[in-house]
Amino acid sequence: MQQTLSIIKPDAVKKDVIGKIIDRFESHGLRIAAAKKVCLSAEDAGKFYEIHKDRPFYKDLIEFMTSGPVVVMVLEGDDAVAKNRALMGATDPKKADKGTIRADFADSIDANAVHGSDSLENAKTEIAFFFAKREIC
């Protein structure tokens, strides 16, 4: 049983598709072990996305992630990291397979509806960033 972090980004929250996205996870065998809606500060977003700090899109990413509330979740299930990545689809929604979250709900490569951990190691770090152990059931 693996755990992974998922973030429903501000664009998808604004579109009121939180429930539709959660249904995708649950319908494909991922259970929500923790969830909360938060407003990220620029400092928090900067720390979370620090790995991208030297990339040209970093400033825009921070502005986007602080533009409205996000829903952060711990998803768990068999092969949760890979399963979540497949459900999300390609980062660019124009290249995402039909029926993936990004193909159905994202507007652009920047406003791409969801974030998901890219490895089990990163999932552990990302989950710990947002959740205390007592918050994960």
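- The name an unreviewed UniProt entry assigns to the protein chain is Nucleoside diphosphate kinase, from the organism Campylobacter gracilis RM3268.
- What UniProt records for the protein chain under Function (unreviewed entry) is the sentence "Major role in the synthesis of nucleoside triphosphates other than ATP. The ATP gamma phosphate is transferred to the NDP beta phosphate via a ping-pong mechanism, using a phosphorylated active-site intermediate."
- Quoted verbatim from the Sequence similarities (unreviewed entry) field of the UniProt record, the comment on the protein chain reads "Belongs to the NDK family."

### Some details on the overall build of the protein chain
Phase 1: Tallying secondary structure elements over the protein chain gives seven helices and four strands in all.
Phase 2: Taking 137 residues into account, the globule formula puts the C-alpha radius of gyration at 14 Å, and the protein chain, at 14 Å, falls close to it.
Phase 3: Counting only C-alpha atoms, the protein chain reaches 35 × 35 × 25 Å along its principal axes.
Phase 4: Per-residue burial for the protein chain yields a buried fraction of 46% across its 137 residues.
Phase 5: Of the contacts formed within the protein chain by residues at least 6 apart in sequence, a portion of 77% connects residues at least 24 apart.

### Comments concerning the environment of Lys 14
Phase 1: Examined against the element boundaries, Lys 14 turns out to sit in helix 1 (residues 10-14).
Phase 2: As for Lys 14 and Val 70, which are separated by 56 residues in sequence, their C-alpha atoms are 9.2 Å apart.

### A look at the side chain of Asn 112
Phase 1: Its location among the elements puts Asn 112 in the loop between helix 6 (101-105) and strand 4 (114-116).
Phase 2: A polar side-chain atom of Asn 112 sits 3.3 Å from the main-chain carbonyl oxygen of Ile 109.
Phase 3: Excluding residues that lie within four positions of it along the chain, Asn 112 makes contacts with Lys 9, Asp 11, Thr 91, Arg 102 and Ala 106.

### Quick notes on the UniProt feature "domain: Nucleoside diphosphate kinase-like" (unreviewed entry) in the protein chain
Phase 1: When the UniProt feature table is mapped onto this chain numbering, "domain: Nucleoside diphosphate kinase-like" (unreviewed entry) sits at residues 1-137.
Phase 2: Between the C-alpha atoms that bound residues 1-137 the distance is 13 Å, and the span itself is 40% helix and 19% strand.

### Quick look at the environment of Ile 32
Phase 1: Secondary-structure assignment places Ile 32 in strand 2 (residues 31-38).
Phase 2: For Ile 32, a relative accessible area of 22% gives the class partly exposed.
Phase 3: In this structure, the C-alpha to C-alpha distance between Ile 32 and Val 74, residues 42 residues apart in sequence, is 5.9 Å.
Phase 4: Discounting chain neighbours no more than four positions away, the residues touching Ile 32 are Ile 22, Glu 26, Met 73, Val 74 and Leu 75.

### Some remarks on the UniProt feature "active site" (unreviewed entry) in the protein chain
Phase 1: UniProt feature "active site" (unreviewed entry): in the numbering of this structure it lies at His 115.
Phase 2: In this fold, His 115 is placed in strand 4.
Phase 3: Those residues in contact with His 115, other than ones at most four positions away along the chain, are Leu 5, Ser 6, Ile 7, Lys 9, Phe 48, Tyr 49, Met 88, Arg 102 and Glu 126.

### Regarding helix 5 (residues 80-88)
Phase 1: Along helix 5, the residues that are buried comprise Ala 80, Val 81, Asn 84, Leu 87 and Met 88. Down the axis of helix 5, the buried side of the element spans an arc of 130 degrees, and every buried residue falls inside it.
Phase 2: For helix 5, the elements touching its buried residues are strand 1 (2-8), helix 2 (18-27), strand 3 (70-77), helix 6, strand 4 and helix 7 (120-130).
Phase 3: Directly after helix 5, the chain includes Gly 89, whose backbone phi takes a positive value near 90 degrees.

What counts and what doesn't
- Residues numbered from 1 in each chain as written.
- Predicted model: local features only at pLDDT ≥ 70, side-chain atom pairs only at ≥ 80, totals over all residues.
- Heavy atoms only, no water.
- UniProt positions renumbered as here; feature names shortened; annotations may be inferred.
- Helix = DSSP H or I, 4+ residues; strand = E, 2+ residues; numbered from the N terminus.
- Rg over C-alpha atoms; globule rule 2.2 N^0.38 Å.
- Buried < 20%, exposed > 50% of the residue type's maximum accessible area, 1.4 Å probe, protein only.
- Contact = heavy atoms within 4.5 Å.
- Polar contact = N/O pair within 3.5 Å; in protein donor to acceptor, adjacent residues only side chain to side chain.
- Arc of directions from axis to C-beta.

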